[in-house]
Amino acid sequence: MQYLYADITVAPYSEAACDVLAAMLSEIGFDSFEMTDTGIKAYIPQDDFEEKEFRATLDNIAIPEVAFTYTLHQLENQDWNAEWEQNSFDPILEREFGIRLNPRMAFGSGSHDTTYQLTSLLLQKDFTSQRVLDMGTGTGVLGIAMAMQGAKEVVAIDIDEFSVANARENFALNNINNVSVLLGNSSAIEGEFQTIIANIHKNILIADMPTYVRHLASSGILILSGFLSSDVTDMEAAATSNQLIVTDIVEKNNWVVMILHKR
């Protein structure tokens, strides 16, 4: 699969503006991001890229007095991974939590606030005897964390073939074999789970919430992340309409983890 990346300059630079930019781009198909000194590099499969939609997204980011400029670059997956692994990968999850990763993508490596935040949260919980779902698994790290905390069965699902292959590699690297890694979207979910985690994007989370609820055990927990603090009101409204109770909201650097239970 061939990738493009947009090297985007944010002026004046701020981490908050970069986070908003990454969140908006993730909604139009960009799946990995790398922070730079002047902004971000945003990666997308070439077949999914539409420059008109990309430019419209940049134009619609309403941050006063902040401007976005960009250049586009083409590269093969193999070249991107080799460059990123050599120059940008920080093995923070192995250093702090003992989770080993062979990183094939930036998002899910622990470098992003949502991944680190969720991993830390999961490693404080007990999943003994639970069947758990990691939806939008990426590198597989959240499924790995739940397995380390006693989950009897892990199901991990992602829409990207590359992510599925990488997740399988990382589960094996951490000696976890009670896992099924599937290619697909929420329609691939089967059976009942005591815990469901979805670290995706706001629009997908809201659209798929009814499916998560159908597959959530009566005493189960739904953990959602990948959205910004400005999205909390919309997420709470969606939760209420799906008969869910918000029991906790954790925020770090404008990114939110929301924990919900069935009514």
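Our structure's up above, just so we're on the same page.
A few points on the structure. (Residues numbered from 1 in each chain as written. Predicted model: local features only at pLDDT ≥ 70, side-chain atom pairs only at ≥ 80, totals over all residues. Heavy atoms only, no water.)

Right, let's get into the overall build of the protein. From N to C terminus, the protein includes nine helices and eleven strands. The buried share of the protein, taken over its 263 residues, is 52%. Taking the intrachain contacts of the protein between residues at least 6 apart in sequence as the baseline, contacts between residues at least 24 apart amount to 63%. With the model as given, the accessible surface of the protein reaches about 11,900 Å², and the carbon-plus-sulfur share is 46%. (Helix = DSSP H or I, 4+ residues; strand = E, 2+ residues; numbered from the N terminus. Buried < 20%, exposed > 50% of the residue type's maximum accessible area, 1.4 Å probe, protein only. Contact = heavy atoms within 4.5 Å. Areas by Shrake-Rupley, 256 points an atom, 1.4 Å probe, with all protein chains shown as cover.)

Strand order across the open sheet formed by seven strands is S7-S6-S5-S8-S9-S11-S10, with mixed pairing between neighbours. Each end of this open sheet is capped by a strand with a single partner; those strands are strand S7 (179–183) and strand S10 (244–252). Taking the axes of each pair of neighbouring strands and ignoring which way they run, one obtains an average angle of 15° across the sheet. Here eight bridges tie S10 to strand S11 (residues 255–262), and the two strands are oriented antiparallel to one another. Across the sheet, the residue bridging to lysine 252 is tryptophan 255, located in S11. Strands strand S5 (131–135), strand S6 (153–158) and strand S8 (193–199) of the sheet are contacted by helix H6 (residues 141–148), whose axis makes an angle of about 160° with S5. This element, helix H8 (residues 202–214), spans S5, S8, strand S9 (216–228), S10 and S11 of the sheet and lies at about 175° to S9. (Pairing = 2+ DSSP bridges. Axes fitted to C-alpha atoms, helices over the stretch in contact; angles between N-to-C directions.)

A word on the nonpolar core. For soluble globular proteins, nonpolar side chains are generally found buried alongside one another. Ile99, Leu122, Met146, Phe171 and Ile223 are the most contacted members of the largest nonpolar core, which has 26 residues in total. Aside from chain neighbours lying at most four places away, what touches isoleucine 223 is Leu118, Leu122, Thr195, Ile196, Ile197, Ala198, Val257, Met258 and Ile259. (Core = buried A, V, L, I, M, F, W, Y, C linked by side-chain atoms within 4.5 Å.)

This brings us to the packing of H8 against helix H9 (residues 232–241). To describe two helices that pack against each other, one gives the angle between their axes and the distance between the axes. Close contact between H8 and H9 brings their axes to 10 Å; oriented N to C, the two are set at 10°. Looking at the two axes, H8 sits roughly parallel to H9. Contacts from Lys202, Leu205, Ile206 and Met209 of H8 reach H9 at Asp234, Met235, Ala238 and Ala239. (Parallel < 35°, antiparallel > 145°, perpendicular 65-115°, else oblique.)

Counted according to the given criterion, the structure contains three salt bridges. One salt bridge in this structure joins glutamate 153 and arginine 131, with 3.1 Å as the shortest N-O distance. With a gap of 22 residues between them, glutamate 153 in strand S6 and arginine 131 in strand S5 connect regions that are remote in the sequence. Given a relative accessible area of 18%, arginine 131 falls into the buried group. The salt bridge involving aspartate 234 is made with lysine 202; its shortest N-O contact spans 2.7 Å. Taken together, the residues span a long stretch of sequence, with aspartate 234 in helix H9 and lysine 202 in helix H8 at a distance of 32 residues. (Salt bridge = Lys/Arg side-chain N within 4 Å of Asp/Glu carboxyl O.)

Below, the discussion takes up helix H1 (residues 15–26). Given 3.6 residues per turn, any residue in an α-helix points the same way as the ones three and four places further on. The end-to-end C-alpha distance of H1 is 16 Å, a good match for the 16 Å that twelve residues give at a rise of 1.5 Å each. Buried within H1 we find Ala17, Cys18, Asp19, Leu21, Ala22, Ala23, Leu25 and Ser26. Taking the backbone nitrogen of alanine 17 as reference, a side-chain oxygen 3.1 Å away marks serine 14 as the first, capping residue of H1. (Expected span 1.5 Å × (residues − 1). Polar contact = N/O pair within 3.5 Å; in protein donor to acceptor, adjacent residues only side chain to side chain.)

What follows is about the side chain of threonine 195. Locating threonine 195 in the fold gives a position in strand S8. Since its relative accessible area comes to 2%, threonine 195 is described here as buried. At 2.6 Å, the side chain of threonine 195 and the side chain of glutamine 130 are in polar contact. With residues near it in sequence (within four places) discarded, threonine 195 still touches Phe127, Gln130, Arg131, Val132, Leu133, Met146, Ile221 and Ile223.

Moving on, we come to the packing of aromatic side chains. Inspection of the entire model under this criterion finds five aromatic pairs. Plain terms: the ring middles of tyrosine 5 and tyrosine 43 are 5.4 Å apart, the flat faces sit at 35° to each other, and that makes the pair tilted. Here tyrosine 5, found in strand S1 (residues 2–11), pairs with tyrosine 43, found in strand S3 (residues 39–45); they are 38 residues apart in sequence, far enough to count as distant. The buried category is assigned to tyrosine 5, whose relative accessible area is 14%. With a relative accessible area of 4%, tyrosine 43 lands in the buried category. (Phe/Tyr/Trp six-rings, centres within 6.5 Å; stacked < 30°, edge-to-face > 60°.)

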